[in-house]
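Summary of structural features
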Amino acid sequence: MPNFKVKKIKDLILPFKKDEVELEWMAENNNVILIYTKVNEESFFLQVKKEKDSSFVIKGDKHTKPSKIAYLQKSLQIFRDYFCNHEDIINEAFAFKHNALIEKTSLIAYDFDQLLSKIKGKIYIEIGFGSGRHLLYQAKNNPDTLIIGVEIYNPAITQVAKLAKSQNLSNIMLIQSDARLLLSVLESNSVEKIFLHFPVPWDKKPHRRVIAKNFCQECARVLGKNGRFELRTDSYEYFDFTLKQFLHFSTPKFSLRKNEDLEISSKYEDRWKRQNKDIFDLWVWNLDSAYDELNLDDFDFSDMTFNANDLILLEKNFKNLTLKGDDYFLHFENLYQAKEGLIFKIAFGAFNKPEHSYIYVGEKIEFLFKKPFRIKENLKAMEKLKKVLKFHFDTALFS
Ligand SMILES: C[S@@+](CC[C@H](N)C(=O)[O-])C[C@H]1O[C@@H](n2cnc3c(N)ncnc32)[C@H](O)[C@@H]1O
């Protein structure tokens, strides 16, 4: 992350505009000043952190990073040139090589937003693609389909991105994530095929399997009308377990096969074949949407208003509160004073997919930057947030 350290900074008189960089307004607490910065319609916080030796470190806030690191770099340069004296600079780490990095990584999405923005038309998803042989094969044979590969193991992502590039395949988007989270942010009926090939069987710890009731419900939700889920595994237990999970649907269709050769064989498959293990295929489709039961409202703060007295109480009573529900949490990380309101930095949502947001509370209340994903854990956390704010952090007044 580009940053620099400086002995002192000049008075921050905002708004300030130079070239395409706009430093619009700021919010601060005892340790940090956040500067709301805009470059070409993208907004993020520059962070000025007061160090113990009374110097300042200036960098981008890690939870509001712009899509292009050059935007951040340019903003830091402007800040350095107009709000610092050259002789006060202690050190600088700006170096960002404009080498092949951007090109090299264009097949990788670094967050769900980036991934979702690339989705147009048909999509297949491959979960845990490993060495990527099957994923690359699908991309080659389905040039009109975007093949989304989701892996938790980062080196596999870099490796497969390189292979795809060397094979001139551009209909691929790879993301590092737990597959279960990826499904939860996809639109309903948007996927044609989901491949799960040779998942770790976890025969002794079945609760660690990708396949579970929730996962099957999410498959049913995201798969389109003729969409299909495909499992290929060397584990009979996994095959049987998956079949039983999908049998909970009212009219599922199945295709079951044993020891069928595919045109492409993965590294794992080669290994099991050498050991003469059986290979099982289970295809599932016609999954009813009986599970569309989650009728979620959007994040709605329109019923909340705050007067000057509320803001005084919120500031006075603020604490690093953490609240936990069955499947979600809400943590108040920091509070900053802005000119006409307060800014809360919060972490919240599902335990395995925390979101970090800044919320502005003034006359009205709103998310700064992007809204979080509309998944039920986030919505529950926001309902809790409303209560905390309504009762000015007095947890005795709400459950
Ligand atoms: C046994 S390997 C199989 C790899 C590949 N499908 C093949 O057939 O060669 C299982 C892969 O799934 C990945 N994986 C495990 N759990 C996952 C999850 N929850 N989400 C995404 N990938 C996962 C692992 O990192 C690993 O690469």
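These figures come from a predicted structure and were not determined experimentally. (Residues numbered from 1 in each chain as written. Predicted model: local features only at pLDDT ≥ 70, side-chain atom pairs only at ≥ 80, totals over all residues. Heavy atoms only, no water.)

With respect to helix α11 (residues 376-390)
Between its first and last C-alpha, α11 extends 21 Å over 15 residues, near the 21 Å set by a 1.5 Å rise per residue. Residues Glu377, Asn378, Leu379, Ala381, Met382, Lys384, Leu385, Lys386, Val388 and Leu389 constitute the buried set of α11. Looking at the buried positions of α11, the neighbouring elements they touch are α10 (308-317), β16 (322-324), β17 (329-338), β18 (341-350), β19 (353-361) and β20 (365-368). Looking one or two residues beyond α11, the residue adopting positive phi is His392, at roughly 50°. (Helix = DSSP H or I, 4+ residues; strand = E, 2+ residues; numbered from the N terminus. Expected span 1.5 Å × (residues − 1). Buried < 20%, exposed > 50% of the residue type's maximum accessible area, 1.4 Å probe, protein only. Contact = heavy atoms within 4.5 Å.)

Looking at the side chain of Arg228
Among the structural elements, Arg228 can be located in strand β13 (residues 223-233). Arg228 sits in the buried class, given a relative accessible area of 19%. Within the structure, the side chain of Arg228 is placed 2.7 Å from the side chain of Glu230, a separation counted as a polar contact. Ignoring any residue separated from it by four or fewer positions in sequence, one finds Arg228 in contact with Glu192, Lys193, Ile194, Leu223, Trp283, Val284 and Trp285. (Polar contact = N/O pair within 3.5 Å; in protein donor to acceptor, adjacent residues only side chain to side chain.)

Quick word on the UniProt feature "binding site: substrate" (unreviewed entry) in the protein chain
In the numbering used here, UniProt assigns the feature "binding site: substrate" (unreviewed entry) to Lys204 and Asp234. Note on placement: Lys204 falls in the loop between β12 (191-197) and α7 (213-222). Relative to the elements of secondary structure, Asp234 occurs in the loop between β13 and α8 (236-246). Only 3.1 Å separates the side chain of Asp234 from the side chain of Trp272, close enough to count as a polar contact. (UniProt positions renumbered as here; feature names shortened; annotations may be inferred.)

Here we look at the sheet that holds strand β9 (residues 123-127)
Read from one edge of the open sheet, eight strands run β8-β11-β10-β9-β12-β13-β15-β14, paired in mixed fashion. The outermost strands of the open sheet, each flanked by one partner alone, are β8 (108-109) and β14 (253-258). Along the sheet, helix α5 (residues 154-166) makes contact with β8, β10 (146-151) and β11 (172-176), crossing β11 at roughly 165°. (Pairing = 2+ DSSP bridges. Axes fitted to C-alpha atoms, helices over the stretch in contact; angles between N-to-C directions.)

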